[in-house]
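# Architecture and fold: a report
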Amino acid sequence: MEDADFLASAFSGADAIYTMVPPANYFDPNVDPMAYCLRIGNNYAGAIKKSGVRRVVHLSSIGAHLEKNSGLILGHRAVELILGKMSGISITFLRPAGFYYNLYSFLPMIKRESRIAAVYGADEMLIWVSPVDIAAVAAEELQTPHAGNKIRYIANDELTGNETARILGEAIGKPDLKWILIPGEQMNNGLVAAGMNPVAAAGLVEMFASQHAGALTEDYYRHRPLVLGKVKLRDFAKEFAATYKQG
């Protein structure tokens, strides 16, 4: 993805392509999350134009509709804007909700403190998604002719933070597991203390604060999928429990 010529060669002759911007290394002291997204997005745009591909399915994110105050999601919005202004191609922007496997980041805290603490969650509704169902939607879109650009949200389960904690807790033998809210400053300080780049940490906290305020998910509820994915949190909880026990 850092090599636009390689991308153009790889895309050449394709009927359709699937693109995404993987997470940057947020523990790199020199990382600039926005610059990283812009670089990859522009590489994709140049390669698409050079290769002549006309159908693109791009993995974006819930919250990409926001113009400000969404933290790291602004990088996904920037890539949508880069690709969306290209002429002569049809793009589906996939906007998945929060990945189940992001919950793994709470494992150390659960083992150490028997709780989940974050700047979002608790009694507010959280929207979760499985990569399995993202793949199914992406495959469907790649095989579906379409003119112009469209947005498609993907989700598997809608649960409060405490419902999420309870399901995970039951799976790992901690049925009283709770999800509590903490101040943004506390979460930010914890991430930086753990070695995260301060810019990335601030972007992550701002993203979660936007979720807590409801702004991140407002467009999702306006365009909610008619059918949610098959993999539910209880299914993922089995994988979560296996990982918990291994550690």
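Preceding this paragraph is the structure being described.
Let me begin by describing the structure that accompanies this report. (Residues numbered from 1 in each chain as written. Predicted model: local features only at pLDDT ≥ 70, side-chain atom pairs only at ≥ 80, totals over all residues. Heavy atoms only, no water.)

## Things to note about the environment of His-146
- The topology assignment puts His-146 in the loop between helix H5 (131-142) and strand S7 (149-154).
- The exposure class of His-146 is partly exposed, given its relative accessible area of 27%.
- The spatial distance from the C-alpha of His-146 to the C-alpha of Thr-92 is 8.5 Å, given a sequence separation of 54 residues.
- His-146 has contacts with Arg-55 and Ser-90, leaving out every residue within four places of it along the chain. (Helix = DSSP H or I, 4+ residues; strand = E, 2+ residues; numbered from the N terminus. Buried < 20%, exposed > 50% of the residue type's maximum accessible area, 1.4 Å probe, protein only. Contact = heavy atoms within 4.5 Å.)

## So, the packing of helix H2 (residues 33-51) against helix H3 (residues 73-84)
- At a minimum axis separation of 9 Å, H2 and H3 run at an interaxial angle of 20 degrees. One way to sum up the angle between H2 and H3 is to call them roughly parallel. Where H2 crosses over H3, the handedness of that crossing is right-handed. On H3, the residues that touch Met-34, Cys-37, Leu-38, Gly-41, Asn-42, Tyr-44, Ala-45 and Ile-48 of H2 are Leu-74, Gly-75, Ala-78, Val-79, Ile-82 and Leu-83. (Axes fitted to C-alpha atoms, helices over the stretch in contact; angles between N-to-C directions. Parallel < 35°, antiparallel > 145°, perpendicular 65-115°, else oblique. Left-handed = near helix turned anticlockwise from the far one by under 90°.)

## A closer look at the sheet that holds strand S4 (residues 98-99)
- An order of S4-S6-S8 is seen for the three strands of this open sheet, with the pairing classed as mixed. Edge strands, defined here as strands with exactly one partner in the open sheet, are S4 and strand S8 (157-160).
- Sitting on the sheet, helix H6 (residues 161-172) touches strand S6 (125-129) and S8, and the angle it makes with S8 is about 100 degrees. (Pairing = 2+ DSSP bridges.)

## What about the packing of aromatic side chains?
- Counted by the stated rule, this structure contains 11 aromatic pairs.
- An aromatic cluster is defined as three or more aromatic residues linked by ring pairs; in this entry it consists of Tyr-100, Tyr-104, Phe-236 and Phe-240.
- One Lys or Arg, Lys-111, reaches over the ring of Tyr-244 and ends 5.1 Å from the middle of that ring. (Phe/Tyr/Trp six-rings, centres within 6.5 Å; stacked < 30°, edge-to-face > 60°. Lys NZ or Arg CZ within 6 Å of the ring centre and 35° of its normal.)

## Observations concerning the nonpolar core
- In this structure, Leu-103 and Trp-179 are the most contacted members of the largest nonpolar core, which totals 40 residues.
- Looking at this core, the elements that each hand over two or more residues are helix H4 (107-113), strand S5 (115-118), S6, H6, helix H7 (184-193), helix H8 (198-213) and helix H10 (233-246).
- Those residues in contact with Leu-103 that sit more than four places away from it in its chain are Trp-128, Thr-164, Leu-168, Trp-179, Leu-233, Phe-236 and Phe-240.
- The next biggest cluster of nonpolar side chains, apart from the first, holds 23 residues, and it includes Phe-11, Tyr-36, Val-56 and Ile-82. (Core = buried A, V, L, I, M, F, W, Y, C linked by side-chain atoms within 4.5 Å.)

## Comments concerning H8
- The end-to-end C-alpha separation of H8 is 22 Å, in line with the 22 Å expected for 16 residues at 1.5 Å each.
- Among all positions in H8, only Ala-200, Ala-201, Gly-203, Leu-204, Val-205, Met-207, Phe-208, Ser-210 and Gln-211 are buried.
- On the buried face of H8, the contacting elements are H2, H3, S6 and H7.
- For H8, the N-terminal capping position is held by Asn-197, with its side-chain oxygen 2.8 Å away from the main-chain nitrogen of Val-199. (Expected span 1.5 Å × (residues − 1). Polar contact = N/O pair within 3.5 Å; in protein donor to acceptor, adjacent residues only side chain to side chain.)

## With respect to the pairing of S6
- Taking burial as the measure, the five residues of S6 include four buried ones, the bulk of the element.
- Note that S4 and S6 share two bridges and pair parallel. Bridge pairing in S6 places Phe-99 opposite Val-129.
- Relative to S8, S6 runs antiparallel, the two sharing four bridges. Considered in S8, the bridge of Leu-126 is made with Leu-159.

## Overview of the sheet that holds strand S3 (residues 90-96)
- Taken together, four strands build an open sheet; the order of strands is S1-S2-S3-S7 and the sheet is parallel. Each of the sheet's edge strands pairs with one partner strand only, and the pair in question is strand S1 (17-20) and S7. With strand direction ignored, the average angle separating the axes of adjacent strands in the sheet is 20 degrees.
- The strands touched by H3 within the sheet are S1, strand S2 (55-59), S3 and S7, with S3 carrying the most contacts at an inclination of about 170 degrees.
- The strands touched by H5 are S1, S2, S3 and S7; relative to S7, the strand with the most contacts, the crossing angle is about 155 degrees.

Geometric descriptors of this kind do not, in isolation, establish any biological role.
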